[in-house]
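A closer look at the structure
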Amino acid sequence: DQQVKQNSPSLSVQEGRISILNCDYTNSMFDYFLWYKKYPAEGPTFLISISSIKDKNEDGRFTVFLNKSAKHLSLHIVPSQPGDSAVYFCAASGYGGSQGNLIFGKGTKLSVKP
Amino acid sequence: DTEVTQTPKHLVMGMTNKKSLKCEQHMGHRAMYWYKQKAKKPPELMFVYSYEKLSINESVPSRFSPECPNSSLLNLHLHALQPEDSALYLCASSQELRGPGEKLFFGSGTQLSVL
């Protein structure tokens, strides 16, 4: 049973518009969430994270929102650029321990069209 | 240097072969990880080393054997693999095996095909 779900396998957005990528989780023990971005033939690279004590974290064009009651987070990219085209993975960690084990979602492939 | 380097990038092996995947980082990170990723699936944790000691083994079959010779190197020895083991194998590192939010740095992976 998947603990981190990204229900949209793909998303297509026009350049300059907002991209919204969604992620749902089932385990209430998760207390830290991260987004990774992956280009073809490369490993995932860290993008942005949020602790469960916050509901928003912003870094330049990227903002992550967390709704703990709904067990939902989203990544907003504004404005979207063609270079943002990649697969975006949502990941969660926690369990209150020190394992550092990230649980990944299946990813959403974002295509930003010029 | 913020890179995690994996070799080889591609590997084709038969079910009776023995091969090794290599991973190297020079960021002074003390935690290193092996993940396996099948097509259209998320990366799945296999092993974690912390200070060169095996810390986590996610019930991986014994045909996969990890080794951490020193703080910069991580190997994955492969023997008698099955075709279903074909996947992208990702190495990652982090500063420490700390709690939540530990940021991982990933290599670009080894695409393994088992015939």
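Just so you know, these numbers come straight off a predicted model, no measurement behind them.

All right, on to the layout of surface pockets then. Volume-wise, the largest pocket comes out at about 780 Å³. What lines the largest pocket is a set of 30 residues, and nearest its centre among them are A:Lys38, A:Val87, A:Phe89, B:Gln37 and B:Lys40. Among the secondary structure elements, those contributing two or more residues to the lining of the largest pocket are strand 9 (86-94) of chain A together with strand 9 (87-94) of chain B. With three residues, strand 9 of chain A is the largest single contributor of residues to the lining of the largest pocket.

What follows is about the sheet that holds strand 7 (residues 64-70) of chain B. Residue and element names in this part refer to chain B. If you trace the four strands from one edge of the open sheet to the other, you get 1-3-8-7, paired in antiparallel fashion. Of all the strands in the sheet, just strand 1 (4-7) and strand 7 have a single pairing partner and so form its edges. Neighbouring strand axes in the sheet, compared pairwise and without regard to direction, differ in orientation by 20 degrees on average. Pairing analysis gives four bridges linking strand 1 to strand 3 (residues 18-25), with the strands arranged antiparallel. When the bridges of strand 3 are listed, Gln6 appears paired with Cys23.

Below, the discussion takes up empty space enclosed by the protein. Tallying each qualifying case throughout the model produces one cavity of 30 Å³ or more. Its boundaries defined by the atoms lining it, the largest cavity holds a volume of some 30 Å³. Here the lining of the largest cavity is built from residues that sort into five nonpolar, two polar and two charged.

Cut-off values and rules
- Residues numbered from 1 in each chain as written.
- Chains lettered and ligands numbered in written order.
- Predicted model: local features only at pLDDT ≥ 70, side-chain atom pairs only at ≥ 80, totals over all residues.
- Heavy atoms only, no water.
- 1 Å grid on protein atoms, 1.4 Å probe; cavity = no way out; pocket = protein on both sides within 12 Å on 5 of 7 lines; lining within 4 Å.
- Points joined across faces, edges and corners; volume = space filled by probe spheres on them.
- Helix = DSSP H or I, 4+ residues; strand = E, 2+ residues; numbered from the N terminus.
- Pairing = 2+ DSSP bridges.
- Axes fitted to C-alpha atoms, helices over the stretch in contact; angles between N-to-C directions.
- Nonpolar A, V, L, I, M, F, W, Y, C, P; charged D, E, K, R; others polar.

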